[in-house]
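# Structural overview
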Amino acid sequence: MKLGVCYYPEHWPEQMWADDARRMADLGLTWVRIGEFAWSRIEPDPARFDWSWLDRAIETLGAAGLKIVMCTPTATPPKWLLDASPDMLAVDSRGALRRFGSRRHYCFSSESYLLQSARITREVATRYGKHTAIAAWQTDNEYDCHDTTISYSENARQAFRSWLEQKYCNVANLNRAWGTVFWSQEYRSFDEVDPPFQTVTEANPSHRLDYRRFSSDQVVRFNRQQTGIIRELSPGRDILHNFMGVSTSFDHFDVSKDLDAASWDSYPLGFLEQGPWQADVKARYLRQGHPDFTAFHHDLYRGVGRGRWWVMEQQPGPVNWAPWNPAPLPGMVRAWTWEAFAHGAEVVSYFRWRQAPFAQEQMHAGLHTPDNRETAGAAEVRQVAREADELVGAETSRASVALLFDYAAKWLLDIQPQGADFDYFHLVLEFYAALRRGGLNVDVLPPDAPLDGYRLIVVPSLPILEGSLIERLSACGAQIIIGPRTGSKTGDLQIPASMPPGPLQEVMPLRVTLVESLRPGWVEAGDFGVSRWLEHIATELAPLARTASGKGFWYRHGKFQYLGAWPSADLLDVVVKATAESAGIPFLNLHEDLRIRRRGEVVFAVNYGPETIDLSSCVPAAATLEFILGGLLLPPAGVAAWREA
Ligand code: GAL
């Protein structure tokens, strides 16, 4: 449980560096991340390198005892490079160039950019790969940020054709898979296939899904090239990438196969403002962030990192990029840090050391004001650093619940939502929040992960359902909860011959004959109100919940349960509680603002609400707990921790 900070020596006079480094160590920080946007200072002119300043910055930080995360600067290629090769720029869905002037101005399919990315990575890794102060690497910065995964450039067009040829071998296979006989779209060769954009109306959905898969693979390829170079030139150092919140445009599990650990950038207040919640929820958690959103990402990125993950950027004060940017509640920077550690983070690193007085992010707070005074966030960091030093022996362990998360499910349901508000990510969050409200530890995993040892497995939705997953779910010892639209499509995005839920019918005798989406405000009355999405299910099974008009939407058969509706929070609470109890997992009725998470034998509790919470109201045998942090009465933004008996 170590702390770090993101630092930009190139933004500050060199006379400040030694004092900054000394104060970082004094604050209790172990790690410092540098370099991710510094290309124009490293290589001011083509092939003219200026390493002197970076050499001195690394010496200064290293001399203070800090471990450095060195970044490749490829998120910000300099102007001279783009001017020399404009084909490196991406093209948006209207066909417009995404020009130089901010960042991430490159196309993943540009072969010339790939060469440049390899070249600069090799230069940086050759220079610093074996330096004793360089202890880890970060590739690029936030793939997908500013919607940059998908590009419709000429480079992408050519690369997509090759990708299709690899996948389908001959164009007849493609025509069949996509159903191009519809609207006379048949192709005679791969060279006739364009990216699916600027069409008069909706492009073929299978074509669009393949373009999403292709675009994801391009990110994997780009990242893999850098990790290969860094591994060769900087052996023994962990390689990470800083992923984002709500980022689904490429398959993070795939990218992560080339990394040693995952990391993500956690901005709870910015994400709350941008998120799907109602105004009252946003008001309640305005200065805390949503109690489940950040935790979900911690669990997701632990899964992406195969157990190893960091928070690479942690919000320390108001950000600049959400529609509204409030300040955290006093204590919340500390609470966020503990929540991350409770979920198993190895490092929490704050963004950024000092607020920049210039350029795009001058309104974004740091641990210091632009005039170099500590902010409230810094004082909380000092406190966590002290506390974390004392809290030893809390190992992470596997959860009893697994939630299967699938990036391709997000792509498919975006392409074919069928109801304007059917959002996969939101649906997953609803299931996750119900598990967390019950105090359950959750591992978020890809559908092909090993499932042994879990007692409850939740599949919020998996439209493309492999028969092999049904076999693995049947064979494992867990109770299984499966959500709407699972098994509703083939891998080619067609309706399965057996009808939805496809291969799920091998273990549950039911058939979805029709689906309907419902406009906001419409609630189908019944055992639980149903809004948004309702499936009509033909089956001999007796429903566990039905609408007033008699349509069943919750079924159980053996260890499998199916929910053929967008589940309300009430329904999910009942389903999760009943299933956890039958799986022998302790379920808690937590206070609405309280969340707990176990790390090894230590239990952490965080109060996300505006009032003090008495733990004895919802934690069993609270009076006998021996607290490591906090106590029975948890104030707003308060953290408590105790060792489980
Ligand atoms: C992240 C990004 C940082 C900085 C930060 C501001 O998305 O990686 O470079 O822009 O947001 O909150």
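Bear in mind the structure is a predicted one, so any value in this text is a computation, not a measurement.

## Here's the deal with the domain arrangement of the chain
Splitting the chain by domain gives domain 1 (2-76 + 129-145 + 237-391), domain 2 (401-582) and domain 3 (594-643). In this structure, domain 2 and domain 3 have C-alpha centres spaced 32 Å apart. Residue-level contacts link six residues of domain 2 with five residues of domain 3. Of the roughly 570 Å² buried between domain 2 and domain 3, counting both surfaces, carbon and sulfur atoms make up 32%. Inspection of the region where domain 2 meets domain 3 yields two residue pairs in polar contact (both at pLDDT 80 or more). Elements with a minimum of two residues in the side of domain 2 that touches domain 3: helix H16 (424-437) and strand S11 (442-445). Its residues assigned to classes, the side of domain 2 that touches domain 3 comprises one nonpolar, two polar and three charged.

## Notes on the site of the ligand
Close to the ligand lie Phe37, Arg103, Asn141, Glu142, Asp265, Tyr267, Glu313, Trp321, Phe351, Glu361 and His364. Glu313 places a polar side-chain atom, nitrogen or oxygen, 2.9 Å from an oxygen atom of the ligand. With respect to the ligand, the side chain of Glu361 contributes an N or O atom lying 2.3 Å from an oxygen atom. Considered on its own, the ligand offers 310 Å² of accessible surface; in the complex 95% of this is hidden by protein. Looking at the shell around the ligand residue by residue, the class counts come to four nonpolar, two polar and five charged.

## Side note on the sheet that holds strand S13 (residues 479-482)
The strand order across the open sheet built from seven strands is S11-S10-S12-S13-S18-S17-S16, with neighbouring strands paired in mixed fashion. Because the sheet does not close on itself, it has two edges, and the strands there are S11 and strand S16 (545-546). For S16 and strand S17 (residues 552-557), the ladder comprises two bridges, and the chain directions are antiparallel. Across the sheet, the residue bridging to Arg546 is Gly552, located in S17.

What counts as what
- Residues numbered from 1 in each chain as written.
- Predicted model: local features only at pLDDT ≥ 70, side-chain atom pairs only at ≥ 80, totals over all residues.
- Heavy atoms only, no water.
- Domains from an automatic or database assignment.
- Contact = heavy atoms within 4.5 Å.
- Buried area = accessible area lost by both parts, 1.4 Å probe.
- Polar contact = N/O pair within 3.5 Å; in protein donor to acceptor, adjacent residues only side chain to side chain.
- Helix = DSSP H or I, 4+ residues; strand = E, 2+ residues; numbered from the N terminus.
- Nonpolar A, V, L, I, M, F, W, Y, C, P; charged D, E, K, R; others polar.
- Near = heavy atom within 4 Å.
- Areas by Shrake-Rupley, 256 points an atom, 1.4 Å probe, with all protein chains shown as cover.
- Pairing = 2+ DSSP bridges.

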